[in-house]
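Descriptive structure summary
What follows is each chain in one-letter form.
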Amino acid sequence: MLKIIKHNLGIYFMMLACLDFALMGACAKILSNELSSIEIMFFRNIIGTFFIIYMLKKTKIHKEGGKLGLLIFRGIIGTLALYMFFYNVSHITLGGAFAFQKTAPIFVTLIAFFLFKENVGLKGWFGILIAFLGVLCIMQPWADFSNHSGFDLKNCIIGILSGLLAAIALTSVRELRKYYLTEQIAASFIFLGSLLPLISMCIGSFYFTKELDFLIAPFIMPSFKAWIIILIMGSLGTLYQIHITKAYGVAKKAGVVAGVSYMDVVFTLILGVMLGDDFPSFMVFIGILGIILGGIILVRGKKNEK
């Protein structure tokens, strides 16, 4: 067993990262019984700041910067994507929330095609089509209320927005890497990811409406049990960053490792059912598989072109 792991360290670390991320999502799901998705995101990011500060202190290389506006834009857009993601985690099945998040690579490819005129290729378009059909199977716009087995319209729109906004944030990183270190980009994101939900909770203390509950919610003091889960969630988030960094650092084939990253959806489907989620209907299950398959086809296609 150890011999197999040593020869496939990239896959091994990515599997650990997927498990970390899935367990972190499970913690967020448990916390949603007591706290708003905004408060959960706030605590997740606050704990993450300690890891980022540690990484910044270890960094000896410095870049001059020069794209502050784009850096702030990336932080705001990335934070909004997290708003949507954690709202989905709190309001639909865990596997469904993670599946929506996995639409980000599809949107990245489309943005690169339309804005940067990058070639997608036949295989890439096929992957996009499969993923798009997967989203339709989850949304089921053709079904009436009595026959609908997918998620409600609000959560579907929020789920798609979480993937789209994450894609915009990821695309902006391509330009930011010329001016800032990865740790600096992550630090700006984690800072805004803590500040914006804090502002949301301050507003939520005076004004709250159900229609905007994915953006505004009041602060609720966590119970002792919730504090324990918050600490576990923050620790898992740190482990995820460590394992995913190691995964790509030792990977012999980045495309294989990127494909394995979709395992977190499988883990969350299992964890979600264990936590009380209904098992996805046949159409939703097919939809989730479609998003995973489409994403893997895209990732593998890109790597084969290089």
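Here goes a summary of the coordinates provided. (Residues numbered from 1 in each chain as written. Predicted model: local features only at pLDDT ≥ 70, side-chain atom pairs only at ≥ 80, totals over all residues. Heavy atoms only, no water.)

Along the chain, the regular secondary structure elements total 13 helices and 0 strands. The order of α-helices and β-strands along the chain, N terminus first, is α-α-α-α-α-α-α-α-α-α-α-α-α. Along the first, second and third principal axes, the C-alpha set of the chain runs to 50 × 50 × 45 Å. Pairs at least 24 apart in sequence give 83% of the contacts found in the chain among residues at least 6 apart. Carbon and sulfur atoms provide 72% of the accessible area of the chain, an area that totals close to 15,700 Å². Computing the positive centroid from 26 side-chain charges and the negative centroid from 15, the chain places the two 14 Å apart. (Helix = DSSP H or I, 4+ residues; strand = E, 2+ residues; numbered from the N terminus. Contact = heavy atoms within 4.5 Å. Areas by Shrake-Rupley, 256 points an atom, 1.4 Å probe, with all protein chains shown as cover. Lys, Arg positive; Asp, Glu negative; His and termini not counted. Charge placed at Lys NZ, Arg CZ, Asp CG, Glu CD.)

Under the definition given, this model contains 6 salt bridges. A salt bridge links glutamate 175 to lysine 178, with the shortest nitrogen-to-oxygen separation between them at 3.1 Å. On the basis of relative accessible area, lysine 178 is assigned to the exposed category, the value being 58%. The salt bridge partner of lysine 210 is aspartate 213, with a shortest N-O separation of 3.5 Å. On the basis of relative accessible area, lysine 210 is assigned to the exposed category, the value being 54%. Judged by its relative accessible area of 8%, aspartate 213 is buried. A single network of salt bridges, built from pairs that share partners, joins Lys154, Lys210 and Asp213. (Salt bridge = Lys/Arg side-chain N within 4 Å of Asp/Glu carboxyl O. Buried < 20%, exposed > 50% of the residue type's maximum accessible area, 1.4 Å probe, protein only.)

Here the focus is unusual backbone geometry. Of note in the backbone geometry, lysine 117 takes a positive phi value of approximately 55° without being a glycine. Relative to the helices and strands, lysine 117 is located in the loop between α6 (104-116) and α7 (121-139). Here glutamine 140, not a glycine, exhibits a phi torsion of approximately 50°, which is positive. Mapped onto the elements of the fold, glutamine 140 is located in the loop between α7 and α8 (153-176).

It is worth spelling out helix α5 (residues 94-101) at this point. Among the 8 residues of α5, 7 are classified as buried, and the element is accordingly described as predominantly covered. Looking at α5, one finds that the buried residues are Leu94, Gly95, Gly96, Ala97, Phe98, Ala99 and Phe100.

Right, let's talk about α7 for a bit. A rise of 1.5 Å per residue sets the reference length of α7, with its 19 residues, at 27 Å; its end C-alpha atoms lie 27 Å apart and thus fit the reference within 8%. Residues of α7 that are buried include every one of Gly124, Gly127, Ile128, Ile130, Ala131, Gly134, Val135, Cys137, Ile138 and Met139, and no others. Trailing α7 by a residue or two, glutamine 140 shows a phi angle of about 50°, which is positive. (Expected span 1.5 Å × (residues − 1).)

What follows is about the nonpolar core. In this structure, Met14, Leu31 and Ile288 are the most contacted members of the largest nonpolar core, which totals 57 residues. When residues of this core are assigned to their parent elements, the largest contribution, 11 residues, is made by helix α2 (residues 9-31). What methionine 14 contacts, discounting residues up to four positions off in sequence, is Ile244, Ala247, Tyr248, Val257, Val260 and Ser261. Counting 10 residues, the second-largest nonpolar core is a separate cluster that includes Ala81, Tyr87, Ile158 and Phe214. (Core = buried A, V, L, I, M, F, W, Y, C linked by side-chain atoms within 4.5 Å.)

For the pair α7 and α8, the least separation of the axes is 10 Å and the interaxial angle reads 155°. Of the possible angle classes, the one that applies to α7 and α8 is roughly antiparallel. Two packed elements cross with a definite hand, and for α7 against α8 that hand is right-handed. Together, Val135, Ile138 and Met139 of α7 and Leu153, Cys156 and Ile160 of α8 make up the contact between the two elements. Grouping the amino acids of the contact of α7 with α8 by side-chain chemistry returns 6 nonpolar, no polar and no charged. (Axes fitted to C-alpha atoms, helices over the stretch in contact; angles between N-to-C directions. Parallel < 35°, antiparallel > 145°, perpendicular 65-115°, else oblique. Left-handed = near helix turned anticlockwise from the far one by under 90°. Nonpolar A, V, L, I, M, F, W, Y, C, P; charged D, E, K, R; others polar.)

Among the surface-exposed residues, Phe191, Leu195, Leu198, Ile199, Ile203, Phe206, Tyr207 and Leu212 lie close enough to one another that they form a single nonpolar patch of about 800 Å² accessible area. Inspection of the secondary structure assignment puts phenylalanine 191 in helix α9 (residues 182-204). Residue classification places phenylalanine 191 among the exposed positions, given a relative accessible area of 52%. (Patch = residues over 30% accessible without salt bridge, like charges linked within 9 Å, V, L, I, M, F, W, Y side chains within 5 Å.)

What is shown is where atoms sit, not what they do.
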